[in-house]
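Analysis of the macromolecular model
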Amino acid sequence: MLKLLLASSLLAVPAFAATAAEWQNRTIYQLVTDRFATPDGSSPSCDTSNRQYCGGTWKGVVNKLDYIQSMGFDAVWISPVVKNVEGQTAYGEAFHGYWTEDITQLNEHFGTADDLKALSTALHKRGMYLMVDIVVNHMAATSDPPNFGSFTPWNVQTDFHSECYIQASDYFNNQTAVEQCWLGDTKVPLADINTEDPNIVSTWNSWVGDLVQNYSIDGLRIDTVKHVRKDFWPNFAKAAGVFTIGEVEDNRTTYVSDYTQVIDAVLDYPDWYPLTAGFVSTSGNLSALAATVQASQSSYKNGAFGTGSFLENHDQPRLGSETTDQSLIMNAMTWPFVADGVPILYYGQEQGYTGGADPANREALWLSGYTTDKPLFQHVQALTAARQTAMKANKDFLSTKVQFLNASESSLVISKSPIVALLSNKGSSSTPTWTVSNAGFSGNEEVWDVLTCTKYTTDSSGDLTVTGSSGKPQMLLPTSALSAAGRACPNFIAQSGTQASSAAGFTNLLFPVGTAVAAALVVARLFL
């Protein structure tokens, strides 16, 4: 049954078989395959409102890995890879990859089996991970009732739950309907697969293991997890044999918490809601984010460590569509890189894309020219550098819980040793001030804002007051952390007189430049 999916002329290269703990030290770049890069480097027009294929492929991704890696990312999450419904529907074409029709074949719009393996190989040669998106809950149809015979491998009506559509109220009082009724509508029904059937369960488990092995996949992002019964997931995840992170879109930590018991991690939607609300305007309430984070830390199986932290994705409007204040956007972008979870950045965020709700938020990245001198691109470089430097400076960084030393409606002082992040939602016209106490700094110690490379010195008690500029965030690290062969903050050696390794000096000086030449040199240095 899976022969078409498994056919390839290339030998499968070994995956890293990365565990949840190994994924925790990664930073993930999420992309929409059709919209990231064309195979020949061309830049065709791409009107998101048309909802049509624009020409991005797996070969295109391979050709732009330098771009991704120059920002400091070491994992890439791509769109679902299997065959989708073809042609125009009431909601356009299946360019996004979420309208599965046949799980035994690949989506030929994205390339061949050899192309997908080549992407996996290219990533692994760079020491990077491959994450593939998958849809287990449903198959997509273009008519109502669906033509069940068009589906593979389940092609009779009894392989699916009876047709009924989930109502908004069901999410609060009818979990059975959430799991067994259908998503979509009568124009594009998403036929809900009967995952109570043991034969279907067995097929899914075999399929996912084969998919991972054949394409050397290191991790899976699972769509619509809450729409499948919870006890389906443990054996499915075991059969996959790699890290699994699931979409459970809900703002309730108590609801999402149950899913942390059955898969490795969840996308951090409960924190995303107060994150975006807190930074969408100067009247947001940042203390609500602190409260939700603390709730997730205490209720999830592995605390907030078992999450993927994000600001934007393909399902939600970009923050830039809701505010033009760049300081608010920069503050919000900083949070995932200091949070307990795995940081995830949605493609185009670094280019300042402003698409609203789907489909506007699925822009073609080639229209940006992949420029590397934009402020948000360089902000991302600084954020990944700071996190990676902190990991090198503190071997327990990834198991250290975020603490809020101060949380008000307009500002946050966040500690995750050795990082202290200072966030504000007062806007670009403000001059925020933060009082940093009990952060673990020594008396009269030099600390650096690694986002601007500004030096401060604590008082005799190890405390300090920091005044910002234009409402922008700050991320403080002590000089001792910067000496730990990290790549944050250029020229700190000359300014502080601290000795550091030649590797640290080399990468520190290059990365903030933001040019293709500098990035290429850094990549070469890192993997010698």
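Chains are numbered independently. Their residues run from 1 in the order of the written sequence. With the structure being a predicted model, the display of local features is reserved for residues of pLDDT at least 70 and the display and counting of side-chain atom pairs for 80 or more, all residues being used for whole-chain, interface and lining totals. Hydrogens and water are ignored here; the side-chain numbers use all heavy atoms of the structure.

1. Regarding the sheet that holds strand 12 (residues 307–310)
The pairing criterion for strands is at least two bridges between them, as found by DSSP. Note on conventions: DSSP H or I runs of at least 4 residues are helices, E runs of at least 2 residues are strands, and numbering of each starts at the N terminus. What the 8 strands build is a closed barrel, ordered 1-2-5-9-10-11-12-13; its pairing is parallel. The sheet shows a mean angle of 25 degrees between the axes of neighbouring strands, taken without regard to direction. Judged from the 4 bridges that link them, strand 2 (residues 75–78) and strand 5 (residues 129–134) form a sheet pairing that is parallel. Note on strand 5: the bridge partner recorded for I78 is V132. Helix axes use the C-alpha atoms of the stretch in contact, all axes being lines fitted to C-alpha atoms, and the angles between their N-to-C directions lie in the range 0 to 180 degrees.

2. Here we look at the pairing of strand 4 (residues 100–106)
The classification of residues rests on relative accessible area computed with a 1.4 Å probe and restricted to protein chains. Under 20% of the type maximum is buried, over 50% is exposed, and intermediate values are partly exposed. The element strand 4 is largely enclosed, with a buried count of 6 among its 7 residues. Of the pairings in the sheet, the one linking strand 3 (residues 82–84) to strand 4 comprises 3 bridges and is antiparallel in character. Looking at strand 4, one finds that V82 is bridged to L106.

3. So, the packing of helix 14 (residues 326–338) against helix 15 (residues 375–393)
Between helix 14 and helix 15, whose axes approach to 10 Å, the crossing angle comes to 25 degrees. Comparing the axis directions of helix 14 and helix 15 gives the class roughly parallel. Pair helix 14 / helix 15 crosses with right-handed handedness. In this structure, helix 14 contributes Q326, I329, M330, M333, T334, P336, F337 and V338 to the contact, and helix 15 contributes L376, H379, V380, L383, T384 and R387. Here the nonpolar group is Ala, Val, Leu, Ile, Met, Phe, Trp, Tyr, Cys and Pro; Asp, Glu, Lys and Arg are the charged ones; every other residue, Gly included, is treated as polar. Of the residues in the contact of helix 14 with helix 15, the class split is 9 nonpolar, 4 polar and 1 charged. Roughly parallel here means an angle under 35 degrees, roughly antiparallel means over 145, roughly perpendicular means 65 to 115, and every remaining angle is called oblique. The hand of a helix crossing depends on one turn: near helix anticlockwise from the far one by less than a right angle means left-handed, and clockwise means right-handed. Residues count as neighbours in contact if any of their non-hydrogen atoms are within 4.5 Å of one another.

4. Brief notes about the sheet that holds strand 21 (residues 474–478)
Pairing is antiparallel across the open sheet formed by 6 strands, whose spatial order is 14-15-16-21-18-19. Looking along the sheet, the strands with just one partner apiece sit at the ends: strand 14 (403–407) and strand 19 (454–457). Across the sheet, the axes of successive neighbouring strands diverge by a mean angle of 25 degrees, strand direction being ignored. Alignment of strand 14 against strand 15 (residues 411–416), held across 4 bridges, turns out to be antiparallel. The residue of strand 15 that forms the bridge with F404 is I414. Strands in contact with helix 15 are strand 16 (419–424) and strand 21; relative to strand 21, the strand with the most contacts, it is inclined by about 30 degrees.

5. So, the side chain of E179
Checked against the element boundaries, E179 lands in helix 8 (residues 175–180). Of the buried charged residues, E179 lacks a salt bridge, with K230 as the closest side chain of opposite charge at 4.3 Å. Side-chain polar atoms of E179 contact the side chain of Q175, separated by 3.0 Å. If we ignore the near neighbours within four places in the chain, the residues touching E179 are N137, H161, D192, K226, H227, V228, R229 and K230. Only four residue types enter the tally: Lys and Arg on the positive side, Asp and Glu on the negative side, with His and both chain ends excluded. The rule for a salt bridge is simple: a side-chain nitrogen of Lys or Arg has to be within 4 Å of a carboxyl oxygen of Asp or Glu. In the analysis that follows, any N or O atom pair within 3.5 Å is treated as a polar contact, provided that within protein one partner can donate a hydrogen and the other can accept it, and provided that, for residues neighboring in sequence, both atoms belong to side chains.

6. Observations regarding the state of the cysteines
In this description, a disulfide is simply a cysteine sulfur pair whose atoms lie within 2.5 Å. Evaluated as defined, the whole model comprises 2 disulfides. Two residues, C46 and C54, share a disulfide whose sulfurs are 2.1 Å apart. A torsion of 85 degrees about the S-S bond marks the disulfide between C46 and C54 as right-handed. Each member of the pair C46 and C54 is classed as buried. In this model, C164 is linked to C181 through a disulfide, with the two sulfur atoms separated by 2.1 Å. Between C164 and C181 the sulfur-sulfur dihedral comes to about -95 degrees; the bridge is accordingly left-handed. On the criterion of sequence distance, the pair formed by C164 in the loop between strand 6 (138–140) and helix 7 (170–173) and C181 in the loop between helix 8 and strand 7 (183–184) is long-range, its members being 17 residues apart. Judged by relative accessible area, C164 falls into the partly exposed class, the value being 30%.

7. Let's talk about helix 9 (residues 198–215)
Expected span of a helix: the number of residues minus one, times 1.5 Å. With 18 residues, helix 9 extends 26 Å from end C-alpha to end C-alpha; this agrees with the ideal 26 Å at 1.5 Å per step. All of the buried residues in helix 9 are I200, V201, T203, W204, N205, W207, V208, G209, L211, V212, N214 and Y215. The opening residue of helix 9 is D197, an N-cap whose side-chain oxygen sits 2.8 Å from the backbone nitrogen of N199. Phi turns positive one or two residues past the end of helix 9, at S216, with a value near 50 degrees.

8. Comments concerning the packing of aromatic side chains
Only rings of Phe, Tyr and Trp enter the pairing, Trp through its six-membered ring, and a pair is recorded when the two centres are within 6.5 Å. The plane angle decides the type: under 30 degrees is stacked, over 60 is edge-to-face, the rest tilted. Across all of its chains, the model carries 28 aromatic pairs by this definition. Seen from their ring centres, Y29 and F73 are 5.3 Å apart, and the 55 degrees between their planes marks the pair as tilted. Of this pair, Y29 sits in strand 1 (residues 28–30) while F73 sits in the loop between helix 5 (65–70) and strand 2, placing them 44 residues apart in sequence. For the pair Y29 and F73, a shared accessibility class is recorded, and that class is buried. Ring pairs connect the aromatic residues Y29, F36, Y67, F73, Y370 and F377, which therefore count as one cluster. In this analysis the charged atom, NZ for Lys or CZ for Arg, is taken to sit over a ring once it is within 6 Å of the ring centre and within 35 degrees of the ring normal. For K117, the ring lying beneath its charged end belongs to Y215, and the centroid distance is 6.0 Å. Taking the ring centre of F397 as reference, the NZ or CZ of K416 above it sits at 5.0 Å.

9. What about the pattern of salt bridges?
Going through the model one piece at a time under the given rule, you end up with 15 salt bridges. In this structure, R252 engages D250 in a salt bridge whose closest nitrogen and oxygen atoms are separated by 2.8 Å. The exposure class assigned to D250 is buried, which follows from its relative accessible area of 7%. Across the pair K416 and D340 runs a salt bridge whose closest N-O atoms are separated by 2.9 Å. Here K416, found in strand 15, pairs with D340, found in the loop between helix 14 and strand 13 (342–346); they are 76 residues apart in sequence, far enough to count as distant. Among the charged side chains, a network of salt bridges with common partners joins D133, R221, D223 and E247.

10. Observations concerning the nonpolar core
Only buried residues count toward a nonpolar core, which is a set of Ala, Val, Leu, Ile, Met, Phe, Trp, Tyr and Cys residues joined through side-chain atoms within 4.5 Å. Core analysis: the biggest nonpolar cluster contains 132 residues, and Y29 and W335 have the highest contact counts within it. Grouped together as the second largest cluster of nonpolar side chains are 16 residues, I28, A75, Y129 and I344 included.

11. Some points on the side chain of Q297
Topologically, Q297 is positioned in helix 13 (residues 286–299). Excluding anything up to four places from it in sequence, Q297 contacts G303, A304, D340, K401 and V402.

12. What about the confidence of the model for the protein chain?
Per-residue confidence from the predictor is reported as pLDDT, which spans 0 to 100. A residue-level look at the protein chain finds 89% of positions with pLDDT of 70 or above and a mean pLDDT of 91. A low-confidence stretch, residues 493–528 stays under pLDDT 50, and its non-local contacts, those more than four residues away or across chains, total 63 contacts.

13. Some thoughts on the environment of M333
Secondary-structure assignment places M333 in helix 14. Between the C-alpha atom of M333 and that of L345, which follows or precedes it by 12 residues, the distance is 8.4 Å. Those residues in contact with M333 that lie beyond four places of it in its chain are L311, L345, Q349, L376, H379, V380 and L383.

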